Amino acid sequence: MRSRTGEERMLPSFLILGGQRCGTTSLYRYLSEHPSVTPPLLKEIQFFTLNYFRGVDWYRGHFPPAGDTASTFDASPYYLFHPLAAERAGAVLPQARCIALVRNPVERAFSHYQHNVGLGVEDLSFEHALDAEGERLAGEEERICADQGYASAAHRRFSYAARGEYEPQLRRWLDHFQGRLEVVVSEEFFADTGEVFDHILKFLGLPEFRLDSYEAYTRRRTSGAPAMDERTRQRLRERFAEPNRRLEALLGRTLPWS
């Protein structure tokens, strides 16, 4: 029914792209409270990744009727990493603004792993999962690009280190949204949430708005999980040293985890 009324519904004026485990759920919740914003029917619509074949009217069906609100948005953390999402979004939402959150890739990778363990989709140790990542992802991006109906569970689930190479992912989005992409550093977002949230609202052209509190939200936590082994931490620091340098060059700033 909502798809059949798609022409009467809004399309989002902004997107939260990800990255996964970088604070997108918190930002989604804060923006959903803004009086000028109506959230979508659900978080993670995944239109530009998993559901593009369903068409724009299906996508519109997740948003409020035109005239009911000043703004609506889409928050799907796989958008940043998916190789086709930026091009698709550029075709459907050429005037949209985009927000990407980036987090220390070492901590992001381990949080991603813990998330998968909590979901019951990962039975390897973190170290063995890192070892297996190359084989698990081999050829998956090429298959996604060759067959636009192909959905890769491995690409979504087991990209622990690959998702932490932010620079090439951001460049894909800059190709289509130059001047309309804001990169937020997760550590700074959670250290001074009110100030960073104010900056995000200005970027989006939304009126000033303050929440009474800025609780940290996450879709799933894994309690009682062991800490990351320090040798693994050092391995990942070395792994991300050059990708972090490229990211800093792109952003023109020093990152807090460098």
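Our subject is the structure that appears above.
Reading the values: the criteria
Residues numbered from 1 in each chain as written. Predicted model: local features only at pLDDT ≥ 70, side-chain atom pairs only at ≥ 80, totals over all residues. Heavy atoms only, no water. Helix = DSSP H or I, 4+ residues; strand = E, 2+ residues; numbered from the N terminus. Rg over C-alpha atoms; globule rule 2.2 N^0.38 Å. Buried < 20%, exposed > 50% of the residue type's maximum accessible area, 1.4 Å probe, protein only. Contact = heavy atoms within 4.5 Å. Areas by Shrake-Rupley, 256 points an atom, 1.4 Å probe, with all protein chains shown as cover. Lys, Arg positive; Asp, Glu negative; His and termini not counted. Charge placed at Lys NZ, Arg CZ, Asp CG, Glu CD. Core = buried A, V, L, I, M, F, W, Y, C linked by side-chain atoms within 4.5 Å. Salt bridge = Lys/Arg side-chain N within 4 Å of Asp/Glu carboxyl O. Phe/Tyr/Trp six-rings, centres within 6.5 Å; stacked < 30°, edge-to-face > 60°. Axes fitted to C-alpha atoms, helices over the stretch in contact; angles between N-to-C directions. Parallel < 35°, antiparallel > 145°, perpendicular 65-115°, else oblique. Left-handed = near helix turned anticlockwise from the far one by under 90°. Nonpolar A, V, L, I, M, F, W, Y, C, P; charged D, E, K, R; others polar.

Undergrad: Describe the overall build of the protein, with residues and values.
TA: Helices and strands together make up the secondary structure of the protein, namely eleven helices and five strands. For 258 residues, the compact-globule formula gives about 18 Å, and the C-alpha radius of gyration of the protein, at 18 Å, lands near that figure. For the protein, the spread of C-alpha atoms along the principal axes amounts to about 55 × 45 × 35 Å. Among the 258 residues that make up the protein, the fraction classed as buried is 52%. Intrachain contacts of the protein at a sequence separation of at least 6 include 78% that bridge at least 24 residues. Roughly 12,200 Å² of accessible area belongs to the protein as shown, and the carbon and sulfur atoms make up 46% of that amount. Taking the average location of the 33 positive side-chain charges in the protein and that of its 36 negative ones, the two points are 3 Å from each other.

Undergrad: Outline the nonpolar core, listing residues and values.
TA: By size, the foremost hydrophobic cluster in this structure holds 52 residues, and its most contacted members are Leu15, Leu17, Leu27, Leu31, Phe48, Tyr59 and Trp173. At six residues, helix α10 (residues 193-204) tops the list of elements feeding residues into this core. Grouped together as the second largest cluster of nonpolar side chains are 14 residues, Ala109, Leu130, Met228 and Phe240 included.

Undergrad: I'd like a rundown of unusual backbone geometry, residues and numbers included.
TA: The omega angle of the peptide bond from glycine 18 to glycine 19 is 0°, so this bond is cis rather than trans. One non-glycine residue, arginine 21, lies in the positive phi region at around 65°. Relative to the elements of secondary structure, arginine 21 occurs in the loop between β1 (14-18) and α1 (24-32). The backbone of glutamate 44 shows a phi angle near 65°, a positive value even though the residue is not glycine. Tracing the sequence through the fold places glutamate 44 in the loop between β2 (37-38) and α2 (56-60).

Undergrad: Kindly report on the pattern of salt bridges, identifying the contributing residues and their values.
TA: Following the criterion strictly, the structure yields 14 salt bridges and no others. One salt bridge in this structure joins glutamate 107 and arginine 233, with 2.3 Å as the shortest N-O distance. Taken as a pair, glutamate 107 in helix α4 (residues 105-119) and arginine 233 in helix α11 (residues 230-251) lie far apart in primary sequence, 126 residues in all. For arginine 233, a relative accessible area of 15% puts it in the buried group.

Undergrad: A description of the environment of phenylalanine 177 should follow, citing residues and the corresponding values.
TA: Summarising the element assignment, phenylalanine 177 is placed in helix α8 (residues 166-177). Taking relative accessible area as the criterion, phenylalanine 177 reaches 0% and is therefore assigned buried. Along the backbone, phenylalanine 177 and glutamate 44 are 133 residues apart, and their C-alpha atoms lie at a distance of 20 Å.

Undergrad: I'd like a rundown of the packing of aromatic side chains, residues and numbers included.
TA: Enumeration over the complete set of coordinates arrives at 23 aromatic pairs. Between phenylalanine 14 and phenylalanine 73, the aromatic rings sit 4.9 Å apart at their centres with planes inclined by 5°, giving stacked as the arrangement. One end of the pair, phenylalanine 14, is in strand β1; the other, phenylalanine 73, is in strand β3 (residues 71-75), with 59 residues separating them in the sequence. Residues phenylalanine 14 and phenylalanine 73 agree in their burial class; the two are buried.

Undergrad: Residue-level account of the packing of helix α3 (residues 85-92) against α8, with values.
TA: Where α3 meets α8, the closest approach of the two axes is 8 Å, and the angle between their N-to-C directions is 15°. Judged by the angle between their axes, α3 and α8 are roughly parallel. Both α3 and α8 take part in a crossing whose hand is right-handed. Where α3 abuts α8, its residues Ala85, Ala86, Glu87, Ala89 and Gly90 lie against Arg172, Trp173, His176 and Phe177. Considered class by class, the residues forming the contact of α3 with α8 number five nonpolar, two polar and two charged.

Shape is all these values report; function is a separate question.
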